[in-house]
Amino acid sequence: MAFTLPDLPYAYDALGPYMSKETLEYHHDKHHQAYVTNGNNLMKGTEFEGKPLEEVVRGSFGKNAALFNNAGQHFNHLHFWKWMKPNGGGKIPGALEKALVDGFGSVEKAKEDFIAAGTTQFGSGWGWLVVANGKVVASKTPNGENPLVHGGAPILGVDVWEHSYYIDYRNRRPDYLKAFVEHLVNWEYVAELYAAATK
Ligand SMILES: [Fe+2]
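Residues numbered from 1 in each chain as written. Predicted model: local features only at pLDDT ≥ 70, side-chain atom pairs only at ≥ 80, totals over all residues. Heavy atoms only, no water.

Asker: Just to check I follow, could you spell out the overall build of the protein for this structure?
Answerer: Scanning the protein for helices and strands turns up eight helices and three strands. For 199 residues, the compact-globule formula gives about 16 Å, and the C-alpha radius of gyration of the protein, at 16 Å, lands near that figure. Reported as C-alpha extents along the three principal axes, the dimensions of the protein are approximately 50 × 40 × 30 Å. Within the protein, the proportion of its 199 residues that are buried is 47%. Within the protein, contacts between residues separated by at least 24 positions form 68% of all contacts whose residues are at least 6 apart in sequence. (Helix = DSSP H or I, 4+ residues; strand = E, 2+ residues; numbered from the N terminus. Rg over C-alpha atoms; globule rule 2.2 N^0.38 Å. Buried < 20%, exposed > 50% of the residue type's maximum accessible area, 1.4 Å probe, protein only. Contact = heavy atoms within 4.5 Å.)

As structure tokens, then:
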């Protein structure tokens with residue numbers, strides 16, 4: 001299947017003041033579009049042409065770095081747009097809340113560890129909440145990598161490439177991560193992925 005760029009699930013100005021229209025225009029229309037275009041060009045004539053995205057991500061890891069970077073980023077960004085919503089943050093659905101308490105001791109600690117993962121990712125990459133061996137844990141990956149290639153199921157990810165926050169937060173990555181957790185996360189979508197990963 002060729003990669004295609006989906007529309008954002010909300011208006012470009014819907015995540016203000018925590019993520020601006022300008023950031024979303026560049027991030028979605030330019031950066032994500034580039035991963036789609038480059039990924040499609042790099043897949044042409046390879047064994048990956050026509051394969052489902054997750055298979056391309058797993059199969060190209062460690063074998064075809066250029067394709068992996070673009071396919072990984074396509075996967076990450078498809079979810080990233082859905083991991084946010086206007087007036088996000090707030091109440092966490094019950095089953096997911098229980099899993100966070102089981103995994104971290106408290107919801108507050110889960111949020112702290114997630115923010116710490118994103119803050120300490122050196123350079124470009126992603127911070128994650130991942131289901132691994134039935135438990136939710138926090139982790140981080142560089143560049144376009146994601147937990148799929150490390151045996152985990154990503155249920156929440158935050159983009160810590162500068163293109164995701166520099167316009168709105170400049171170098172203040174921790175402030176961006178805090179705002180993401182408190183005001184942007186679509187916990188219903190995280191709960192959906194948690195349910196799928198643990199059924
Ligand atoms: Fe990004």
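Text resumes after the structure shown.
Asker: Honestly, the sheet that holds strand β3 (residues 153-159) in this entry has me stumped. Any pointers?
Answerer: The strands making up a sheet associate through hydrogen bonds between their backbones, and the pairing can be parallel or antiparallel. Pairing within the open sheet is antiparallel, and its three strands lie in the order β2-β1-β3. Each edge of the sheet is formed by a strand with only one pairing partner; in this case those strands are β2 (135-142) and β3. Across the sheet, the mean angle from the axis of one strand to that of its neighbour is 25 degrees, orientation sign disregarded. Judged from the six bridges that link them, strand β1 (residues 125-132) and β3 form a sheet pairing that is antiparallel. Residue pairing for β3: Leu 129 is matched across the bridge by Leu 156. (Pairing = 2+ DSSP bridges. Axes fitted to C-alpha atoms, helices over the stretch in contact; angles between N-to-C directions.)

Asker: Got a minute to help me understand the environment of Ala 34 in this structure?
Answerer: If you trace the backbone, Ala 34 turns up in helix α1 (residues 21-43). Along the backbone, Ala 34 and Met 84 are 50 residues apart, and their C-alpha atoms lie at a distance of 21 Å.

Asker: Is there a simple way to think about the coordination of the iron ion in this case?
Answerer: Four donors placed tetrahedrally about a metal ideally form angles of 109.5 degrees, and six donors placed octahedrally ideally form angles of 90 or 180 degrees. Donor atoms from the polypeptide that bind the iron ion are His 27 (NE2), His 77 (NE2), Asp 159 (OD) and His 163 (NE2), placed at 1.9 to 2.1 Å. Every donor counted, the four donor atoms about the iron ion form angles of 92 to 144 degrees at the centre, which fits irregular coordination. Counting the intervening residues between successive donors of the iron ion yields the motif H-x49-H-x81-D-x3-H. One end of the pair, His 27, is in helix α1; the other, Asp 159, is in strand β3, with 132 residues separating them in the sequence. With respect to class, His 27 is no different from Asp 159; both count as buried. (Donors = N, O, S within 2.8 Å, 3.2 Å for Na, K, Ca; no water. Tetrahedral: all angles 85-135°; square planar, octahedral: opposite > 155°, others 65-115°.)

Asker: Would you take a moment to explain the pairing of β2 for this structure?
Answerer: Side-chain positions along a regular strand alternate between the two faces of the sheet. Note: β1 against β2, eight bridges, orientation antiparallel. Across the sheet, the residue bridging to Trp 128 is Ser 139, located in β2. Once β1 ends, the chain turns through two residues before running back antiparallel as β2, passing Asn 133 with a positive phi of about 50 degrees.

Asker: What's the story with the nonpolar core in this structure? I'm lost.
Answerer: Among soluble globular proteins, nonpolar side chains are generally buried collectively. Membership of the largest hydrophobic core comes to 43 residues, with the highest contact counts inside it found for Phe 80, Leu 100 and Phe 180. Every element with two or more residues in this core is listed here: α3 (65-82), α4 (94-104), α5 (107-120), β1, β3, α7 (173-184) and α8 (187-198). Beyond its immediate chain neighbours, meaning those up to four positions away, Phe 80 contacts Met 19, His 27, Trp 126, Gly 157, Val 158, Asp 159, Ser 164, Tyr 176 and Phe 180. Counting residues in each nonpolar core, the second largest holds 13 residues, with Phe 3, Val 56, Ala 71 and Phe 75 among its members. (Core = buried A, V, L, I, M, F, W, Y, C linked by side-chain atoms within 4.5 Å.)

Asker: When you look at unusual backbone geometry in this model, what are you seeing that I'm missing?
Answerer: As a rule of thumb, non-glycine residues mostly have phi less than zero, and peptide bonds are mostly trans rather than cis. Residue Pro 17 is bonded to the preceding Gly 16 through a cis peptide linkage, with omega at 0 degrees. The residue Pro 17 is located in the segment before α1 in this model. The phi torsion at Asn 133 lies on the positive side, around 50 degrees, for a residue other than glycine. If you trace the backbone, Asn 133 turns up in the loop between β1 and β2. For Asn 133, a relative accessible area of 83% corresponds to the exposed category. Phi is positive for Arg 170, close to 50 degrees, though the residue is something other than glycine. Along the polypeptide, Arg 170 turns up in the loop between α6 (166-169) and α7.

Asker: Help me understand the environment of Val 185, please; the structure alone is not making it clear to me.
Answerer: If you trace the backbone, Val 185 turns up in the loop between α7 and α8. Separated by 98 residues in the primary sequence, Val 185 and Asn 87 have C-alpha atoms spaced 8.5 Å apart. Sequence-distant contacts of Val 185, defined by excluding residues within four places in its chain, comprise Trp 83, Lys 85, Gly 88, Gly 89, Leu 156, Phe 180 and Val 190.

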